[in-house]
Amino acid sequence: AATAVRAGTSRGVLVAEGDSWFDYPFHDVLKELDDAFGWEIEHVAHYGHTVESMAYDGGQLDDFVRAIEKVVRRGATPRAILVSGGGNDVAGDGFGMLVNHRSSPVHGLEPKVLEGIVETRVRTAYATILAAVTTACETLLGAKVPILVHGYDYPVPDGRGLLGGWGPLPGPWLAPGFAEKGYDDLAERIGLTRELIDRLYAMLASVVALPPFAHVTLVDLRGSLSTELANNRYKAWWGNELHPTHQGFTTVAGRFDAAI
């Protein structure tokens, strides 16, 4: 990869749609795939995108398909198509709804709400996007193009937002919901978000296992970034509650590069 970058040559074109893991200030997965691994990137990713908005809102899916068409018009075939989404569907203002109160006999994640959001809403939106992109590639190229999806890594809900959550900047996305429901212990919060991420991966695995999606790969990023609280070691990997540091994004991009 480094040779390709030094020589100024591209290893091929990747087309992407996604959220802030693909569109973040200074460093993100796509920037690292370009800078560190030598891929040419065509994308319509935008921070804050939910999978629902990518599937149904204001021509977002049309824009994604047009990005693929743009590459094909240049005479190229995308090496892979990357999709990043789901985080904004569960984190943020509504996150507290996913968690029962710490003092409740049924404390922990609320299974029925989680099922409605992850297994129904997010799953259906993902299937909609994957089907549309698959059809577009078959129409344009007469063949399927590999698609890569992911379910993030285990976060640390420590209350840090973008650049520390200063003033009007976004975040935190998880800590307020946990605090509202009485979860003050950071290790306990980490355990619950691990459960949430595992549920997201289980749902994505079930989508990828469907016969029409044999060309879709689930890139498992769990364990890429540290959650070790001792000496705040996790902060070398996590810039805030939801987003990796430069080092973290480079590591995650490496997982994508290996999967491609």
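Note: the structure precedes this text.
Residues numbered from 1 in each chain as written. Predicted model: local features only at pLDDT ≥ 70, side-chain atom pairs only at ≥ 80, totals over all residues. Heavy atoms only, no water.

### Quick notes on the side chain of R189
Then step 1. Along the polypeptide, R189 turns up in helix 8 (residues 186–208).
Then step 2. For the buried R189, no salt bridge is present, and the opposite-charge side chain at shortest range is D184, 4.5 Å distant.
Then step 3. The residues contacting R189, other than those within four sequence positions of it, are P157, A175, F178, A179, Y183 and D184. (Helix = DSSP H or I, 4+ residues; strand = E, 2+ residues; numbered from the N terminus. Buried < 20%, exposed > 50% of the residue type's maximum accessible area, 1.4 Å probe, protein only. Lys, Arg positive; Asp, Glu negative; His and termini not counted. Salt bridge = Lys/Arg side-chain N within 4 Å of Asp/Glu carboxyl O. Contact = heavy atoms within 4.5 Å.)

### Remarks on the pairing of strand 2 (residues 40–43)
Then step 1. Here four bridges tie strand 1 (residues 13–17) to strand 2, and the two strands are oriented parallel to one another. Across the sheet, the residue bridging to V15 is E42, located in strand 2.
Then step 2. The parallel pair strand 1 and strand 2, bridged by helix 2 (residues 29–35), forms a crossover whose chirality is right-handed. (Pairing = 2+ DSSP bridges. Right-handed = clockwise from strand over helix to strand, strands pointing away.)

### Quick notes on the packing of aromatic side chains
Each aromatic ring pair is summarised here by two numbers: the centre-to-centre distance and the angle between the ring planes.
Then step 1. Inspection of the entire model under this criterion finds seven aromatic pairs.
Then step 2. With 5.0 Å between their ring centres and 75° between their planes, F95 and F178 make a pair best called edge-to-face. Residue F95 is found in the loop between helix 5 (87–90) and strand 4 (99–100), and its partner F178 is found in helix 7 (residues 175–180); the two are separated by 83 residues along the sequence.
Then step 3. F178 sits in the buried class, given a relative accessible area of 0%.
Then step 4. Ring centres of F178 and Y183 lie 5.9 Å apart, and the angle between their planes is 70°; on these two criteria the pair is classed as edge-to-face. The residues F178 and Y183 share a single accessibility class, namely buried.
Then step 5. Here a set of aromatic residues connected by ring pairs shows up, and it is made of W21, Y24, Y152, W238 and F249. (Phe/Tyr/Trp six-rings, centres within 6.5 Å; stacked < 30°, edge-to-face > 60°.)

### What to know about unusual backbone geometry
Then step 1. A cis geometry characterises the amide bond from G171 onward to P172, with omega recorded as -5°.
Then step 2. Along the chain, P172 turns up in the loop between strand 6 (147–150) and helix 7.
Then step 3. Despite not being glycine, N231 shows a phi value in the positive range, around 55°.
Then step 4. The residue N231 is located in the loop between strand 7 (216–219) and helix 9 (246–259) in this model.
Then step 5. Judged by its relative accessible area of 69%, N231 falls in the exposed class.
Then step 6. Positive phi values are uncommon outside glycine, yet N232 reaches one of about 55°.
Then step 7. Looking at the secondary structure, you find N232 in the loop between strand 7 and helix 9.

### Focus on the environment of L98
Then step 1. Its location among the elements puts L98 in the loop between helix 5 and strand 4.
Then step 2. As a C-alpha pair, L98 and L114 span 16 residues in sequence and 6.1 Å in three-dimensional space.
Then step 3. Beyond its immediate stretch of four places on either side in the chain, L98 contacts V90, G108, L109, E110, V113, L114, I117 and L196.

### What to know about the side chain of H49
Then step 1. Turning to its location among the elements, H49 is positioned in the loop between strand 2 and helix 3 (51–56).
Then step 2. For H49, the side chain forms a polar contact with the side chain of E17, separated by 3.4 Å.
Then step 3. In terms of polar contacts, H49 uses its side chain to reach the backbone carbonyl oxygen of G18, at 3.4 Å.
Then step 4. If we skip the residues at most four places from it in the chain, H49 touches E17, G18, D19, V44, M54, Q60 and N88. (Polar contact = N/O pair within 3.5 Å; in protein donor to acceptor, adjacent residues only side chain to side chain.)

### Let's talk about the pattern of salt bridges
Then step 1. The tally for this structure, following the rule as stated, stands at 13 salt bridges.
Then step 2. In this structure, R11 and D257 form a salt bridge, with 2.6 Å as the shortest nitrogen-oxygen distance. Highlighted residues: R11 in the loop between helix 1 (2–6) and strand 1 and D257 in helix 9, separated in sequence by 246 residues.
Then step 3. One connected set of salt bridges, linked through shared partners, spans E40, E42, K70 and R74.

### A few points about the sheet that holds strand 3 (residues 80–83)
Then step 1. Across the sheet, which stays open at both edges, the five strands sit in the order 2-1-3-6-7 with parallel pairing between neighbours. Only two strands of the sheet have a single partner each, and these edge strands are strand 2 and strand 7. Across the sheet, the mean angle from the axis of one strand to that of its neighbour is 25°, orientation sign disregarded.
Then step 2. Looking at chain direction, strand 6 and strand 7 are connected through four bridges and run parallel. The residue bridging L148 from the neighbouring strand is T217, located in strand 7.
Then step 3. On top of the sheet, helix 6 (residues 111–141) reaches strand 3, strand 6 and strand 7; it is set at about 165° to strand 6, its chief contact. (Axes fitted to C-alpha atoms, helices over the stretch in contact; angles between N-to-C directions.)

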